[in-house]
Amino acid sequence: MMTDSQTPTLFPAGSAPAARAMDFCKSEMFGKLFREGMDLVEETASYLDGAGRDDAKSLNRAGALSYATESMKLTTRLMQAASWLLAQRAVAEGEMSAEDATDGKYRLGSDRPTEQLWPEGETTPPILADLVERSRSLYARLKRIDDNLYADGMPETESNPVADHMERLRGAFSQG
């Protein structure tokens with residue numbers, strides 16, 4: 001499994017978003033990412049329909065409400081990730097054009113993780129906590145890839161605040 005910090009810059013500098021999308025969708029990396037995402041969806045569904053029900057029943061009323069809330073957020077996050085992955089696979093298989101995949105309706109929005117608020121005396125069931133963490137990690141990777149694939153022009157690079165500030169200082173003093 002690839003970690004967040006292992007998401008490479010895959011996309012050729014200056015290539016159009018559609019060309020980058022097509023290259024990525026046909027890559028081995030995409031195949032592995034697709035399998036990882038779909039496996040996580042399956043694993044989550046199995047847990048929520050099986051052992052997760054027992055976990056929820058073992059919680060008090062407030063804990064069960066927190067469990068239901070967290071499982072809905074988890075399911076939503078994974079369905080968005082799966083939809084994105086399926087759209088990319090459709091591009092790879094020629095069922096959708098790469099240009100169509102650049103449309104905003106196929107893009108990932110920001111995942112806004114909220115603090116887990118479990119009632120005092122209750123803890124998140126360990127399997128649920130693991131699934132939530134893994135789904136957030138997957139979504140964050142997909143979001144970075146989505147942002148880089150469909151950015152116009154050059155893929156974004158991380159900003160260096162110190163270097164940016166030094167450049168502004170150089171500019172200010174060189175004009176004097």
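Our structure is the block above this text.
Okay, so let's go over this structure. Since the structure is predicted, the reported quantities are computational estimates derived from the model, not experimental observations. (Residues numbered from 1 in each chain as written. Predicted model: local features only at pLDDT ≥ 70, side-chain atom pairs only at ≥ 80, totals over all residues. Heavy atoms only, no water.)

Digging into the overall build of the protein
Link 1 in the chain: On a plain count of helices and strands, the protein comes out with seven helices and zero strands.
Link 2 in the chain: Secondary structure elements of the protein, listed N to C terminal, follow the sequence α-α-α-α-α-α-α.
Link 3 in the chain: Scored against the burial criterion, the 176 residues of the protein give a buried share of 38%.
Link 4 in the chain: For the protein, long-range pairs separated by at least 24 residues make up 78% of all intrachain contacts whose partners lie at least 6 apart in sequence. (Helix = DSSP H or I, 4+ residues; strand = E, 2+ residues; numbered from the N terminus. Buried < 20%, exposed > 50% of the residue type's maximum accessible area, 1.4 Å probe, protein only. Contact = heavy atoms within 4.5 Å.)

A short note on helix 2 (residues 28-49)
Turn by turn, an α-helix covers 3.6 residues, leaving residues three or four places apart pointing in a common direction.
Link 1 in the chain: Helix length check: helix 2, at 22 residues, gives a terminal C-alpha distance of 32 Å against a target of 32 Å (1.5 Å per residue), a fit within 8%.
Link 2 in the chain: Among the residues making up helix 2, those that are buried are Met-29, Phe-30, Gly-31, Leu-33, Phe-34, Gly-37, Met-38, Leu-40, Val-41, Thr-44, Tyr-47 and Leu-48. (Expected span 1.5 Å × (residues − 1).)

Digging into the environment of Phe-30
Link 1 in the chain: Structurally, Phe-30 can be placed in helix 2.
Link 2 in the chain: For the pair Phe-30 and Leu-85, spaced 55 residues apart in sequence, the C-alpha separation works out to 8.6 Å.
Link 3 in the chain: Leaving out residues up to four positions away in the same chain, Phe-30 has contacts with Phe-24, Cys-25, Leu-85, Gln-88 and Arg-89.

Side note on the pattern of salt bridges
Link 1 in the chain: Scanning the model with the defined rule gives 10 salt bridges in all.
Link 2 in the chain: Note that Arg-53 is salt-bridged to Asp-49, the shortest N-O span being 3.6 Å.
Link 3 in the chain: You can call Arg-53 partly exposed: its relative accessible area is 48%. (Salt bridge = Lys/Arg side-chain N within 4 Å of Asp/Glu carboxyl O.)

Observations concerning helix 4 (residues 61-92)
Link 1 in the chain: The end-to-end C-alpha separation of helix 4 is 46 Å, in line with the 46 Å expected for 32 residues at 1.5 Å each.
Link 2 in the chain: Taking the backbone nitrogen of Ala-62 as reference, a side-chain oxygen 3.1 Å away marks Asn-60 as the first, capping residue of helix 4.
Link 3 in the chain: Immediately beyond the C-terminal end of helix 4, within one or two residues, lies Gly-94, with a positive phi of roughly 75°. (Polar contact = N/O pair within 3.5 Å; in protein donor to acceptor, adjacent residues only side chain to side chain.)

A look at the packing of helix 2 against helix 4
Link 1 in the chain: The N-to-C vectors of helix 2 and helix 4 enclose an angle of 150°; their axes lie 10 Å apart at closest approach. Relative to helix 4, the element helix 2 lies roughly antiparallel. Here helix 2 runs over helix 4; the crossing is left-handed. For the pair helix 2 and helix 4, contact is made by Phe-30, Leu-33, Phe-34, Gly-37, Met-38, Leu-40, Val-41, Thr-44, Tyr-47 and Leu-48 and by Tyr-67, Ser-71, Leu-74, Thr-75, Leu-78, Met-79, Ala-82, Leu-85, Leu-86, Gln-88 and Arg-89, respectively.
Link 2 in the chain: Per-class residue counts for the contact of helix 2 with helix 4 are 15 nonpolar, five polar and one charged. (Axes fitted to C-alpha atoms, helices over the stretch in contact; angles between N-to-C directions. Parallel < 35°, antiparallel > 145°, perpendicular 65-115°, else oblique. Left-handed = near helix turned anticlockwise from the far one by under 90°. Nonpolar A, V, L, I, M, F, W, Y, C, P; charged D, E, K, R; others polar.)

A look at the packing of aromatic side chains
Link 1 in the chain: Going through the model one piece at a time under the given rule, you end up with three aromatic pairs.
Link 2 in the chain: Here Phe-24 and Trp-84 contribute two aromatic rings whose centre-to-centre distance is 6.4 Å and whose plane-to-plane angle is 45°, an arrangement assigned as tilted. Of this pair, Phe-24 sits in helix 1 (residues 17-25) while Trp-84 is found in helix 4, placing the two residues 60 residues apart along the sequence.
Link 3 in the chain: Its relative accessible area of 2% is what places Phe-24 among the buried residues.
Link 4 in the chain: Ring plane angle 50° and centroid distance 5.9 Å describe the contact between Phe-30 and Phe-34, whose orientation is recorded as tilted. Pair noted here: Phe-30 and Phe-34 are both in helix 2, with a separation of four residues, about one helical turn.
Link 5 in the chain: Classification of Phe-30 as buried rests on a relative accessible area of 4%.
Link 6 in the chain: Look at Phe-34 and you get buried, because its relative accessible area is 12%.
Link 7 in the chain: Here the aromatic cluster, defined as three or more aromatic residues joined through ring pairs, consists of Phe-24, Phe-30, Phe-34 and Trp-84. (Phe/Tyr/Trp six-rings, centres within 6.5 Å; stacked < 30°, edge-to-face > 60°.)

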